[in-house]
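Coordinate analysis (summary)
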Amino acid sequence: MKTSAFRGGRALVLMMLALVAALPMPALAASGNYGRLAGYVYDPTGAALAEVPLTVSGPALQQPQSRTSGEDGRFEFDTLPPGEGYVLEVNVPGFAPIKKTGIIVLLGQSTQVDVKLEVFTETQAVATYEIVEKVNPIINPDSAQTGAVMNAEKAATTPVFTQVQAMPQLVAGVGTGNSPSLRAGLSRYGKFYVDGMDTTDVVDGSITAPMSFYAVENFEVITGGLDAQYNSLGLIENVVSKSGSNKFTYDVTMILSPAWANAKYRGASNQNPSVSGYTQNEVPLSETSFYSPLVGVGGPIIKDKLWFYFSGQWNFSHRETPLGEENRPTDTETRLARLKLTWQPTAKDRLSVAFNYDNNAITNQVAQTSASPEAETQIDRGGFFAIANYDHSFTDNVLFQLQTGATYKDIWQGPMNEDSQDIAHIYNSTTYRNAGALRNEVGNLVTEERLRFQFDPTLLFKVKNHQMKAGVQVSYLSGSKTAQVIGNQRYIDRNGECNPDDPATFQYCNQRIDFYNSDGVQAPLTTEAANLIAGAFLQDRWNVNRHLTLVGGIRADVGRLYGDNNQFITNLVGVGPRFSATYDLFGNRGTLLKAHYGRSNEVGDVFIAQHANPGLTQVTSTFSNGAFADCAPDTTGNTLCSVSGGPTGRSFEKGHTPPHVDELALGLHHAIAEQSVIGLDLTYRKYSNLWVDEEMNRIWDPSGQRVIGYADGVNHTVVKIHNPDDAWRDYKGMDLWVQGRNGPWDLLASYTLAFSEGTVGDYFDGYGFNPRFKRFFEGPSPEDIRHTLKGSIGYTTRFGLDFGVRFNYRTGAPMWMYQEGAVDRQRVVRSPRGTGHANNTNTGTPDFNDPSLVSELRQPSQFLLDAQARYDLNRLVKMGETKMELTLIMFNVLNNSDVTFVQEQYRATNNRFGTATSRRNPMQAELLLRVRN
């Protein structure tokens, strides 16, 4: 098996050079790394006090910070690392000294703490008034952002797999899966930030690489109301990793999930549906086991100056997959490691450097009867990312920040035996001796490298009650992809394996496909693509008074796309205005009214830039008269030969309106307890000018079932890649949510009512390829989930036991009955989104379905319940500062085996429309033993 660590060495060197080049500059992490502490200072009469000195300290701060109140009495500490136990101190001659303790700062939030000074009198004891602060860190009057912030303890008490990318699923408006969609957008729209730096995958979107779950201090999920510094059509997950402290800490966890602790289905996963459907099915059921050790250590290298935090995780997953008389086990191994150093040489400078390594290897990835054991595949992927952050405070009112870094990802997917010359044979719908296509590629041996370099300087400055920031964000995204068919040849046989040199096998011979690269050689094909993105933003947060905060901003983004051989493709330019207002109805930060409008623009990525690159040329030779026809890429006029692939016939239109989303949102948030908030958010989103392949050469008959000519007179396709105005989808939704702690309860729950429709289900999904079918595409979008009810609820007892429950109910996604058309196997859809065709070419009779007379089809509704119980073993075994916890987590605790997806295709013969194609994974239990201080 290939080893990503060695293949990634070159990229790691490039990262190090990028970091070294950037570090000498006065800069650091963008404000996505911090939370804020703000408020007003008053005298005993309620009048604002200016020039009052305030100092904040806490275990997450290497050195205390000091500020003074402004003319209106307002003060703000805007670069506080998220954490608990902050202390605010005020000492003014003539007034009693005040110390406010127990303050919580959340990532990206503004914790509001007001200070009312009392006149010092001779009858008072000479002492400091110590006040345990009970402010609500969730309700945020300084921003109209929507989403949620979860700290490490919330993550530990929620029954989720130990995956950083799983946390957004808990938040209102977010879909399921580890790359979830947001409010009917595409899953590829998500962005993933680590310590404030964009590490989003340059091809797939969302997370580029996993990281150790327990290395995270705060999980911030932003779902709307974006500040101008962010440009995203989907959700943003920003995780801030642990930095260490002046105290040496350790955190060790062992996860155990043996096979006997996990339920099994009567129809085992990956078995042929006809096998699992037998009433007396005697095929052994699949078994799954999982084990994972995790470790984290941190502490001071130099007290108050230099801290470190190291974390590591190693996952072992084993799945037995009985397939009739054979067993084809799948083994997955994941290794994660992270080191972060935080250095504050002076009160004005702070530097952090972090390195992350990951590797994931999977054997027997197909594990289905559609591939023989010799045709099995494996995957080996992984990489590195490195981040450098440095802050420099010129004054209390001027802060310069920079974040810079790079990500590298390497993917290798190919045959288990790693034999690049073994030729594949396919017959009876089964692949023998090497799989067919992998990851929607023509090749069955695919290698990719993905790189991102990021450079983001930001300036924050204050003028009276205006907090402004301006920045530039420069990204360079690149990717190379090598696709190969094993042996550069593949046979499509009939009922047996063809050997063209053995006449005894001629009865099996049907077709042979030879594969050529762009140079006309039977060899692998390597293509490259890149995107250079430059963005600039300016924003002003204006605290008009105690009641009203206005945030105005604008950003501009430019993307330059490059295809194979560094060929320039096109420019994408977008401007995104932002405006929001937050009004504190009663001036007590208990009830907030929020409004927001903003636009985000997508200016391309490697996936888009690769879309017009050539593919492997496929030359198909048909067997006739004891031999395969002599075919080559330039063969013409031979009916036994056909050529496809190669140059795609796709080209980019010269001018583009980039894909963008316009968001209009209203919200009402109310504090129902000291640390709990209930909210109602109304959101409208319009996704416009999505990417489409539009065929420009074919001339169709009125039914769209037959090509009757070509615009240029030549039998070929000409595809324009562009962003038409009729490629859209929209979203109308309401989120009712609650978050916070109230006594022993910890709540994060929501109900979402939503409606979404449009014309495009995904980029390049077939919309526009047949103009006669365009009207059939408009209707409910694939993410039109009408009702979603979900929550994560925790309860803590007084005797060391706490419970966590996670539930998710969602109504079914839209479903379409479709059958393959007569040309290019196009889908002819029959449902509210599409209505067949005006005239059936097979019968010659009208075949048009009135949408108002067609029942709305939906996939099954989904319900999932997870639960966990955690016990503090210190109640039984006294270990001083060491904390020992035993946790039992049960995923799908009800062992719900409901159908999750049913077949949508209709066939006149052998029809399986409506039959179950997948079911919920069975119950899985994990036992965690965690030791930490």
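Residues numbered from 1 in each chain as written. Predicted model: local features only at pLDDT ≥ 70, side-chain atom pairs only at ≥ 80, totals over all residues. Heavy atoms only, no water.

1. Things to note about the overall build of the protein chain
Each helix and strand counted, the protein chain has five helices and 57 strands in total. By the burial criterion, 55% of the 933 residues in the protein chain qualify as buried. Within the protein chain, counting contacts between residues at least 6 apart in sequence, those at least 24 apart form 70% of the total. Of the roughly 38500 Å² of accessible surface on the protein chain, a fraction of 56% belongs to carbon and sulfur atoms. (Helix = DSSP H or I, 4+ residues; strand = E, 2+ residues; numbered from the N terminus. Buried < 20%, exposed > 50% of the residue type's maximum accessible area, 1.4 Å probe, protein only. Contact = heavy atoms within 4.5 Å. Areas by Shrake-Rupley, 256 points an atom, 1.4 Å probe, with all protein chains shown as cover.)

2. Topic: the side chain of Asn262
In this fold, Asn262 is placed in the loop between strand 15 (249-257) and helix 4 (273-276). At a separation of 3.3 Å, a polar atom in the side chain of Asn262 contacts the side chain of Ser257. Here Pro258 takes part through its backbone oxygen, which lies 3.2 Å from a polar atom of the side chain of Asn262. Apart from the residues within four sequence positions on either side, Asn262 is in contact with Ser257, Thr288, Ser289, Met923, Gln924 and Ala925. (Polar contact = N/O pair within 3.5 Å; in protein donor to acceptor, adjacent residues only side chain to side chain.)

3. With respect to the packing of aromatic side chains
The final tally for this structure, using the stated rule, is 20 aromatic pairs. On the numbers, 3.9 Å between centres and 15 degrees between planes, the contact of Phe161 with Phe891 is stacked. One end of the pair, Phe161, is in the loop between helix 3 (152-156) and strand 11 (191-194); the other, Phe891, is in strand 54 (residues 883-891), and 730 residues separate them in sequence. Seen in terms of ring centroids, Tyr193 and Tyr230 are 5.4 Å apart; in terms of plane orientation they differ by 85 degrees. Their pairing is edge-to-face. Here Tyr193, found in strand 11, pairs with Tyr230, found in the loop between strand 13 (216-224) and strand 14 (236-241); they are 37 residues apart in sequence, far enough to count as distant. The burial state of Tyr193 is the same as that of Tyr230; both residues are buried. A connected cluster of aromatic rings, assembled from ring pairs, spans Tyr189, Phe607, Tyr687, Tyr763 and Phe764. The ring of Trp728 is capped by Lys686, whose NZ or CZ atom sits 5.3 Å from the centre of that ring. Across from the ring centre of Tyr214, 4.3 Å away, lies the NZ or CZ of Arg930, which sits over that ring. (Phe/Tyr/Trp six-rings, centres within 6.5 Å; stacked < 30°, edge-to-face > 60°. Lys NZ or Arg CZ within 6 Å of the ring centre and 35° of its normal.)

4. Overview of the nonpolar core
One finds Met150, Val164, Met167, Val194, Phe213, Phe219 and Val239 to be the most contacted residues of the largest nonpolar core, which totals 32 residues. Of all the secondary structure elements, the ones that give two or more residues to this core are strand 10 (146-151), strand 11, strand 13, strand 16 (287-302), strand 22 (377-395) and strand 54. The dominant element in this core, judged by the number of residues it contributes, is strand 13, at three residues. Those residues in contact with Phe213 that sit more than four places away from it in its chain are Ala155, Val160, Phe161, Thr162, Gln163, Val164, Met167, Phe219 and Gln313. In this structure, Leu690, Trp691, Val692 and Phe773 belong to the second largest nonpolar core, which totals 30 residues. (Core = buried A, V, L, I, M, F, W, Y, C linked by side-chain atoms within 4.5 Å.)

5. Considering the pattern of salt bridges
Applying the stated rule across the entire model yields 44 salt bridges. For Lys462, the salt bridge identified is with Asp78, shortest N-O distance 3.7 Å. One end of the pair, Lys462, is in strand 26 (residues 445-463); the other, Asp78, is in strand 4 (residues 74-80), and 384 residues separate them in sequence. What makes Asp78 buried here is its relative accessible area of 16%. We note a salt bridge from Glu694 to Lys774, for which the minimum N-O separation is 3.3 Å. In this pair, Glu694 sits in strand 40 (residues 692-695) while Lys774 sits in the loop between strand 45 (745-758) and strand 46 (779-780), placing the two residues 80 residues apart along the sequence. A residue is classified by how much of its surface remains accessible, and Glu694, at 14% relative accessible area, is buried. Via salt bridges that share partners, Glu153, Asp802, Arg870, Lys883, Glu885 and Arg932 belong to a single interconnected network. (Salt bridge = Lys/Arg side-chain N within 4 Å of Asp/Glu carboxyl O.)

6. Quick look at the confidence of the model for the protein chain
With 89% of its residues at a pLDDT of 70 or more, the protein chain has an overall mean of 86. Contacts for the low-pLDDT stretch residues 11-30, under 50 throughout, to residues beyond four places or in other chains number 57 contacts. Low pLDDT, under 50, characterises residues 268-279; the predicted model gives this stretch 25 contacts beyond four residues in sequence or across chains. (pLDDT = per-residue confidence, 0-100.)

7. Side note on unusual backbone geometry
Unusually for a residue other than glycine, Asn488 sits at a positive phi of about 60 degrees. The buried category is assigned to Asn488, whose relative accessible area is 10%. With a phi close to 55 degrees, Asn625 is a non-glycine residue in the positive phi region. Examined against the element boundaries, Asn625 turns out to sit in the loop between strand 34 (617-624) and strand 35 (627-628). A relative accessible area of 81% means that Asn625 is categorised as exposed.

8. Observations regarding the pairing of strand 23 (residues 398-415)
Most of strand 23 is tucked away: 17 of the 18 residues are buried. Taken together, the 18 bridges between strand 22 and strand 23 define a ladder with antiparallel strand orientation. The partner of His392 across the bridge, within strand 23, is Phe400. Counted between consecutive antiparallel strands, the loop separating strand 22 from strand 23 contains two residues. (Pairing = 2+ DSSP bridges.)

9. A look at a nonpolar patch on the surface
A surface patch of nonpolar side chains, about 950 Å² in accessible area, is lined by Tyr583, Leu585, Phe586, Leu593, Leu666, Leu668, Ile672, Ile678, Leu680, Leu682 and Leu736. The set of elements that each furnish at least two residues to the nonpolar patch consists of strand 38 (660-673) and strand 39 (675-688). Among the secondary structure elements, Leu668 is positioned in strand 38. Here Leu668 falls in the partly exposed class, since its relative accessible area comes to 40%. (Patch = residues over 30% accessible without salt bridge, like charges linked within 9 Å, V, L, I, M, F, W, Y side chains within 5 Å.)

10. Side note on the sheet that holds strand 13
The sheet built from five strands is open, its strands ordered 10-13-14-11-12 with mixed pairing. What marks the edges here is a single partner per strand, and that holds for strand 10 and strand 12 (197-198).

11. Focus: the state of the cysteines
Under the definition given, this model contains two disulfides. Covalent S-S linkage joins Cys498 and Cys509, the inter-sulfur distance amounting to 1.9 Å. As the torsion about the S-S bond is roughly 85 degrees, the Cys498-Cys509 disulfide counts as right-handed. Here Cys509 lies in the loop between strand 28 (489-492) and strand 29 (511-516) and Cys498 lies in the loop between strand 28 and strand 29, a separation of 11 residues in the sequence. For Cys498, a relative accessible area of 3% translates into the label buried. For Cys509, a relative accessible area of 1% puts it in the buried group. Disulfide pairing is shown between Cys631 and Cys641; the S-S distance is 1.9 Å. For the disulfide bridge between Cys631 and Cys641, the dihedral angle about the S-S bond is near -75 degrees, and by the sign convention the bridge is left-handed. (Disulfide = S-S within 2.5 Å.)

12. Describing the pairing of strand 33 (residues 591-601)
Sheet topology note: the strand 32 (residues 568-584)/strand 33 ladder contains seven bridges and is antiparallel. Paired with Thr582 across the bridge in strand 33 is Lys594. Between strand 32 and strand 33, which follow one another and run antiparallel, lie six residues, and Gly587 among them has a positive phi close to 75 degrees. As defined by bridge partners, strand 33 adjoins strand 38 across 11 bridges and the pair is classed as antiparallel. By the bridge assignment, Thr591 is partnered in strand 38 with His670.

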